[in-house]
Structure formats: structure tokens, C-alpha cells
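Observations on chain architecture
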Amino acid sequence: MTADQKPCPPGDYQVVVVGSGPGGLQTSYYLRHLGIRNALISADPAPGGMFRRFPFFQRLLSWTKPYAPVPRSDRFYEWFDWNSLLAEEPQNRSLMPDLMPGDSSFPSRPEMEQNLAAFAEKTGLEVRYDCTWESTRRDGEQFVLGTSDGEYRCQAVVFAVGVAQPFKPDSPGFADVPHYVDTRPAETYAGKRLFIVGKENSGFELATGLLQWAQRIVLASPRPPKLSVNTHSLLGVRARYIQPFEDQILGGGVFILNASIPRIERSADGYRVHCVRSEGGSELTVDVDEVISATGFTSPLRDLTDLGVSVFGRSKLPSMTNFWESATVPGIYFAGTIGQGVAGMKKYGLPANSGAVQGSRYNARTMVYELARTKFGVTRERPVVKPDQLVDVLLHEATRSPELWNQKSYLARAFTLDAGEGIRDEGIVPLAHFVDEEGAPAVAITVETDDTGDIHPAVYVREQGRPAVETLLTSQPLHDFRTADNRLQLVSLLRGVTAGTAR
Amino acid sequence: MALSQDELVDTLAGLSLFADLSRPQLEQVAHKMAEESYPVGQRILRQGFTGTGFYVILDGEVAVRIDGTDVAHLGKGDFFGEMSILLGEPPVADIVTLRQLDVLHLGGPELEAFLRDHPPVMYRMLKTMALRLRNTSQVRS
């Protein structure tokens, strides 16, 4: 196929989306759904983004459960399927489970890649592959993207380029050791003494995958590792990667150190790693055959900082609004894993799941709705809810909604309570935006986890011109929040603000 | 504000709250606390909301706002959120960004262990809280 026959040729579009991982595919799908002309371009030769390469070992950390209490075409099945992208057509939903043989509820990397390719194909998404974004500039109200195939002009641009650029510390010696992305096949580490810098999931993924091959594995970083089962969230090392901890406890050749690594030196038969223990500051040198720097990734934002896009932190994530728009350059939006730069409420320190597909797919849809509304005047239907149904709808959402369960304390289901137009379903909104917006009377419900691990609904009621007020509802052992107590509490809470909305 | 690991540790070393920590301890602090960024006009702490955290300002400025009235401004090196965590009560003030804000954030449930692990930080925090109490008393008298 010649360049001219490829889809999305250079030219003028309402929106350009960069990246063909889950974030880019989901964004382009919903832009098209709203009738917004967009070009989806990708430097890769096929869809999948980071799932074309990672994870190296075993399977993904996100589940797709084949057996669930709701049909796969049902919206509520999304809670049981963290890996499929969202679609409005029932036949394009929940593509992941049909691509898995049933031997695990966690897909392998090739299965996930296949899932994303199937989504692009079945939904008929047009993607211009092998088209590399190279530069960005403004021309009046338009953005101009220089690419390997020519110039794209647009009114808004969405970057879904992942947090995928390997990062290594500046400390001496790190330039000489491979990053996580350069890990070799497992068998090549047979009998080796291995040092892994980093104690996040990528470090423990390598330790788990190489456990049977390496002679000894040392993992080190300044901070003690957290475990997801202790943080009551996806924050910390996942249960899948617990085995190295047990090996350490049993003296099985795994050592987990809290130490900084000021330098790494080449030695005659490998490397000498210089460590400074976090507790007490004593020095320790470790002689090893291999070092892998599992020290994370940054966002490949190219020249966006020259355009004024502000970034922060070691991952160089963009500073964003609650709708994932650059805080400093309006019209530039972000989707996919970059969305984790929007902290949201982060109650009890628990982050949202924006760095994973099960969270970012909802962020992308919410972002597209807002972009369409504010930039192009495209609004969606706001269904009317009868006053006597509101309490049931709220509790049903809290019990079943995949958006609220996947993005706890981050996304909420909102309803405006306007005396003139009645109760309107405003759909899914960023919770931090809802509680800070001093707009019309409204109510939003979300699901939250507290510091004890208790999962319960939280309701935010906003009266005219005043910030929202928080009320926590009670949990239920089987997480069905549609209890008599919660109904009574909600009825009482809403009595004042819904008065006059009956239509 | 995107800082390298070394630059972040250097920045922390220059903040009075962490002035008594060794470099390995500062590196551990840099890893324990999450870097976050907020746009202008956003509330970071909200009056009456549960589940709040502890924040140290790396860059930017916030207003301490009670019932819509600004009672103080905080800037680089200042911290907030510790009162409601220590008391186990929701904040009595909003913290609202006046300029784009870059912070280090620690979840509320982690603050006690953090302070026990770093007694010099606890002492510095106490000193600041004593100063705030004295200033409040002087304003009232």
C-alpha cells in the first residue's frame, strides 16, 4: 500500500490522536462515535502500544473473568473484564474473554495484543501506522503536527503515547547497565548473580520470572516495598509477584534491600554495585554478573514542553486538569497511562487505576465527551430520572457500576437537580471536578476504600452555589449497597435538594 | 516542575522540614512520597472531607480558606494536611491552589509511621505547628 492509500492522510482534522495503544484506540473510537473527524496516527506498525512488548514474563496483572453474574454484553460485565475496550455496539464489547483459552483469568501478552487488534478491526477504526509524530507547533488557533508522513492540522490534539520511555538514574555506572526493556530471554540468566535496581512491579516481575534461573537475586531501592494486599489497592507489588518475598524469608537466594545505589562499576567478571543502606547509612558492595535497571519510564512528550506544556515528577508527566487537558496549553489532551498524572481525590493515599486499561478506558471516554462539548459544541443526551427512582439508581450504580469500581474516589455518577428541567443524568464525571464546581444543585455517587480496606459508597451533594458536602454510606458484606439503611439515609439526604424537581 | 532524582533530593535538603536528614534518608523520603501536580483553582484539601493526605509544597502557592475566606497563604517548603490526620478528623479548611502547584504527597495512613521513622522531621513539624499556634494566639489577643 502506498502512503497515499493509507488511512488518515496528512491534512486538516478536528482532532489528531497520537498513539495506537489502548488509550489512542479508545479515544479515536469515541471521537468518531460523536461524529468528530479525527486522524489516529501511530509510529508502530500495528495496534497494541506497550502490549506489543510487555510484560516479558507470565501474564498481565489485569483480570478477565469468564464467569460472571451478568452477561458479557452487559455494561456491568466490564467490572469482571478489565482488558476489553469500551464500545457502544454490543457485538464490539468484551472481546477479551473470547480470545482466552480458559486456563487463566489473566491474559497473556499476545492475547492482549490480539484483543486490541480485534477491537480496531471490528470497530473499523482507521489508523495510520508507521507514521511518527516528530514535532508540534501552533499556527493561530490550530496545532500543527509534523510527522514522518507530512503535516497534520487540528483544533485539538490528544497524545496517548504512554509512559514508555525507559528511565535510568543519572548516577555513575547506570549508563552501562541494561534497562528493564532490554532484559534478555530468561534462560540466558541461568546460574547468574543478578542485581535488580527497583522494587516496583517491573522489578518483581523480573525477579519472579528469573527465580528459577538466577543463582542469586538482589533487589534494591531506597524505600521498603509495598504490597497491594496491604495497601487495599493496586498500589504496591501485586500478589502474583509475592514468591521472591517468600524466598527471601526462607533464605532461598533472594535478598530485598532498602538502599540507594550511588554508583555501579564494571568488574573483571561483571559489576560491583555500591549501596548505601537507608536504615543507618552503612555502605555495602555487591558483586554480581548482571544488573538490570527496573527504574521506570517517562512520557515521550518530545517538544511539547517547548510549546509550554508543563511537566512534573520523575516520569515527566504533564500537569493536567481534571479532564486530562494540559494545565498550561489548552487544546492539548492526554489519554492512556499518561492520565495517571491527574491525582484526583486520592483518598487515604490510594491512587486511581488510571495507569491501567480498566481505569484509563473510562478516563478516555470522559475526556472525549468533555472535549467534544467544550471545543465543538457536541452535547450528549441527558436522560431524565424520575424523583422517586433517584435513590434506587444511585444505589444500583454504587453496587454495579464498572466505572465507580475501577476508578474508586476518582470517577462518579452525577445527576443535576434543577427545579426547571428536573433530575438529569449527567453520566460519569471526574469526582474532583464535581466537588469543586459551584454549579447547579447536583448529587454524585462514587465507591471508596478507606484505610481499613472497607469498601462503601460515598455521596456528594451540591446545593446551589456551594461546594459539595460528603456523606459516607455503609458497606455490606457482599458489596450489595442497596440496603434499607442506605435507602433511608439517601432519602433523608436528598429530601431538601430534590424538592421541586418532580416533573 | 520535572526534577531528576538528584535534583529532588537537593530540593528536599533545602526545605526546613527535612533539613536534619542525611542524604540516604532524603532519598528514602523522595521515594516514599508521591510527586503530584495541580492546576490553578483546584482544592487539594476540602473542608469536611475524609481520607486526606499530607503535602509538602515543592513549587507554587495555595490559600488556606475557611468558609470562603482566605486566612493564610502557603508556598515552597510549607506543608499542610498534618492536623486532620493527627486528629483523625476531616480538615477544617480548604486548601486551594493560587498558582500551579507541585507537591510531595503522603497518604494519611502512612504519616504516623513516616514520622516515627524520621524523628527529626517530627521535631521540625512540631516547631512549625508551635509557631502557627503562637501566631494564631497573637492574632486573637
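Residues numbered from 1 in each chain as written. Chains lettered and ligands numbered in written order. Predicted model: local features only at pLDDT ≥ 70, side-chain atom pairs only at ≥ 80, totals over all residues.

Here's the deal with the overall build of chain B
Stated precisely, the cut-off is as follows: Helix and strand assignments follow DSSP, with helices taken as H or I runs no shorter than four residues and strands as E runs no shorter than two, numbered in order from the N terminus. Between the two quantities, the radius of gyration covers C-alpha atoms and the globule rule is 2.2 Å times the number of residues to the power 0.38. Around each residue's C-beta, the other C-beta atoms within 10 Å are counted; 20 or more make the residue buried, 12 or fewer make it exposed, and counts in between make it partly exposed. All C-beta atoms are placed from the backbone.
Along chain B, the regular secondary structure elements total 5 helices and 8 strands. Moving toward the C terminus, one meets the helices and strands of chain B in the order α-α-β-β-β-β-β-β-α-β-β-α-α. For 141 residues, the compact-globule estimate of 2.2 N^0.38 gives 14 Å, and chain B sits close to it at 15 Å. When its C-alpha atoms are laid out on the principal axes, chain B stretches across 40 × 30 × 25 Å. In chain B, which comprises 141 residues, the proportion classed as buried is 42%.

A short note on the domain arrangement of chain A
Residues and elements named next belong to chain A. To keep it simple, the criterion reads: Domain start and end points were adopted from an automatic or database domain assignment. Working definition of a contact: two residues with C-beta atoms, positioned from the backbone, lying within 7 Å. All residues other than Ala, Val, Leu, Ile, Met, Phe, Trp, Tyr, Cys, Pro, Asp, Glu, Lys and Arg, Gly among them, are scored as polar; the first ten of these are nonpolar and the last four charged.
Taken domain by domain, chain A consists of domain 1 (3-164 + 298-376), domain 2 (174-295) and domain 3 (384-498). Placing the centre of domain 1 and that of domain 3 at their C-alpha centroids yields a distance of 28 Å. The partner domain 3 presents 19 residues to the 17 residues of domain 1 that form the contact. Along the lines of polarity and charge, the residues of the side of domain 1 that touches domain 3 split into 8 nonpolar, 6 polar and 3 charged.

Description of the packing of helix H7 (residues 390-400) of chain A against helix H10 (residues 484-498) of chain A
Helix-helix packing: each pair is described by the crossing angle between the helix axes and the interaxial distance. Residue and element names in this part refer to chain A. For clarity, the threshold we go by: Axis definition: a line fitted to C-alpha atoms, limited for helices to the stretch in contact. Angles are taken between N-to-C directions and run from 0 to 180 degrees. For classification purposes, an angle smaller than 35 degrees is called roughly parallel, one larger than 145 roughly antiparallel, one from 65 to 115 roughly perpendicular, and anything else oblique. Each crossing is labelled by how the near helix is turned from the far one, with a counterclockwise turn of less than a right angle marking it left-handed and a clockwise turn marking it right-handed.
Packing of H7 against H10 leaves a shortest axis separation of 10 Å and a crossing angle of 125 degrees. One element, H7, and the other, H10, form an angle in the oblique class. Where H7 crosses over H10, the handedness of that crossing is right-handed. Residues Leu390, Val391, Leu394 and Leu395 of H7 touch H10, and the partners they reach there are Asn486, Arg487, Leu490, Val491, Leu494 and Thr498. Its residues assigned to classes, the contact of H7 with H10 shows 7 nonpolar, 2 polar and 1 charged.

Some remarks on the nonpolar core
Residue and element names in this part refer to chain A. Stated precisely, the cut-off is as follows: Working definition: the nonpolar core is a set of buried Ala, Val, Leu, Ile, Met, Phe, Trp, Tyr and Cys residues, joined through C-beta atoms within 7 Å.
Among the nonpolar cores identified, the biggest contains 94 residues, and Val15, Val16, Val157, Val158 and Tyr333 are the most heavily contacted of them. Not counting chain neighbours up to four residues away, the residues in contact with valine 158 comprise Val15, Val17, Thr27, Tyr333, Phe334 and Ala335. In terms of nonpolar packing, the next biggest core, distinct from the first, is built from 40 residues, Ala398, Leu411, Ile423 and Ile445 among them.

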